[in-house]
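# Coordinate inspection notes
Here's the letter readout for the chains.
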Amino acid sequence: MPKAQETILEIDLNSLEHNYQYLRSKITPGIKMLGVVKAFAYGSDSVAIAKRLEKIGVDHFAVAYTKEGETIRVGGITKPVLVLHPQTHSFKTLIDHCLTPSLYSLHILKEFIVTAEKLNLEDYAVHININTGLNRLGFDPADIDEVISVFQNTSAIKLVGMYSHLAASEDMALRDFTKSQIVNFIATSEKIIAAFDHKIIRHLCNTSGILNYPEASFDMVRSGIGLYGYGNSTKHDSNLKPVATLKTIISQIHRIKEGESVGYNRGYIAKRDTTTATLPLGHADGISRIYGKEKTSVLINGKEAPIIGNVCMDMLMVDVTDINCKEGDEAIFFGKERSAEKFANKAGTISYELVTAISQRVKRHIIE
Ligand SMILES: *Cc1c(COP(=O)(O)O)cnc(C)c1O
């Protein structure tokens, strides 16, 4: 790789391809794979990621909001795109871009039918989300009879898929809970299947579902974090390759005396004569204040440099007293050389939050 000259997020599409093939190998051939590319493809670049995934055989995509679906459609994606959490005001745009809504309540279902009928649509494909215990979005299984009759009384929309979302597929201590969600999903989905003549696909597993409950793959699985290289456990992480690498360069080096302080509110007081390096990346770039105060570190010339004091908006400072380095040298936050999961865990959060927070100010560098 050429050396970084500024803060960049490198996005390696070959690692993405590796992760895709690995996750595919975990499920029975013929089961469809949906790539989750919401939130800028987990903080990377949704169009670049979706295009490579489409090229190598992903069957379906999902985004959270209509605007995100519009972005990948305009970017050239032709496979079905499920909008997990559409809002009524965006229905027209959603339809204009041939996106598939996930309908999750009687309110949103009826509103979508109003729009579809107004536009004289016939059999517009939709999925429904069934709440099996996450208690976030989704139809209550007790309302399923009403849902079925609403579908049977319109020709504007057609139920082509149904799914649910697992609350703790990565947590083996909660295995019994996950199994109860699977059982609930089977019961509710079988009732729906029995009520219609046409094929309705079922999907339940996210990344950890694929890795820990492949027997619950149904017709399709939905992977997000796994495609980006993280498997919610050290064991699974070892088979995946981080797609995004966040790196920057040292702007300035300071030598300070014992007792001197660094940064706002004197957040760090030197315990010895200390060499510090200032990096051009701060909380406005997505490295929030939770990572400061020596909770975590960056990698400079192969060594750990703790983040000292309070992270500023555009900069942060690290301790390089024991590291042989100079201005212009590279500093790595997370990625290929070091796991975003570990970086995040040290500050009490998870890879999902860290990677999706990298702001649009950071330049994306795509490696084909
Ligand atoms: C975000 C999301 C996913 C992806 O989950 P990962 O753990 O990243 O694989 C799958 N399904 C739904 C409904 C989601 O909201």
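Definitions and cut-offs
- Residues numbered from 1 in each chain as written.
- Predicted model: local features only at pLDDT ≥ 70, side-chain atom pairs only at ≥ 80, totals over all residues.
- Heavy atoms only, no water.
- UniProt positions renumbered as here; feature names shortened; annotations may be inferred.
- Core = buried A, V, L, I, M, F, W, Y, C linked by side-chain atoms within 4.5 Å.
- Buried < 20%, exposed > 50% of the residue type's maximum accessible area, 1.4 Å probe, protein only.
- Helix = DSSP H or I, 4+ residues; strand = E, 2+ residues; numbered from the N terminus.
- Domains from an automatic or database assignment.
- Contact = heavy atoms within 4.5 Å.
- Near = heavy atom within 4 Å.
- Polar contact = N/O pair within 3.5 Å; in protein donor to acceptor, adjacent residues only side chain to side chain.
- Areas by Shrake-Rupley, 256 points an atom, 1.4 Å probe, with all protein chains shown as cover.
- Nonpolar A, V, L, I, M, F, W, Y, C, P; charged D, E, K, R; others polar.

- Within an unreviewed UniProt entry, the label attached to the protein reads Alanine racemase, and the organism entered is Zunongwangia endophytica.
- Entered under Catalytic activity (unreviewed entry) in the UniProt record, the comment concerning the protein runs "L-alanine = D-alanine".
- Taken directly from UniProt, the Sequence similarities (unreviewed entry) text for the protein runs: "Belongs to the alanine racemase family."

## Points about the nonpolar core
- Counting residues in hydrophobic clusters, the biggest one holds 109 residues, and the most contacted among them are Ile157 and Phe333.
- With 6 residues, the single largest contributor to this core is helix α6 (residues 106-118).
- Residue contributions to this core reach at least three from each of two domains, namely domain 1 (13-230) and domain 2 (244-367).
- Not counting the four nearest positions on each side in its chain, Phe333 is found in contact with Leu246, Thr248, Leu279, Leu281, Ile287, Val298, Ile307, Leu316, Arg338 and Phe343.
- Among the nonpolar cores identified, the runner-up in size contains 7 residues, and Ile256, Val262, Cys312 and Met317 belong to it.

## Concerning the site of the ligand
- Neighbouring residues of the ligand: 14 residues in total, closest Lys38, Tyr42, Thr207, Ile225 and Tyr352.
- In this structure, Arg222 approaches the ligand through a side-chain N or O atom, which is 2.8 Å from a nitrogen atom.
- Interatomic distance of 2.9 Å between a backbone N/O atom of Gly224 and an oxygen atom of the ligand.
- In isolation the ligand offers 390 Å² of accessible surface; the protein chains occlude 93% of this area.
- Those elements that provide at least two residues to the shell around the ligand are α2 (38-43) and β9 (220-223).
- Within the shell around the ligand, the residues separate by chemical class into 6 nonpolar, 5 polar and 3 charged.

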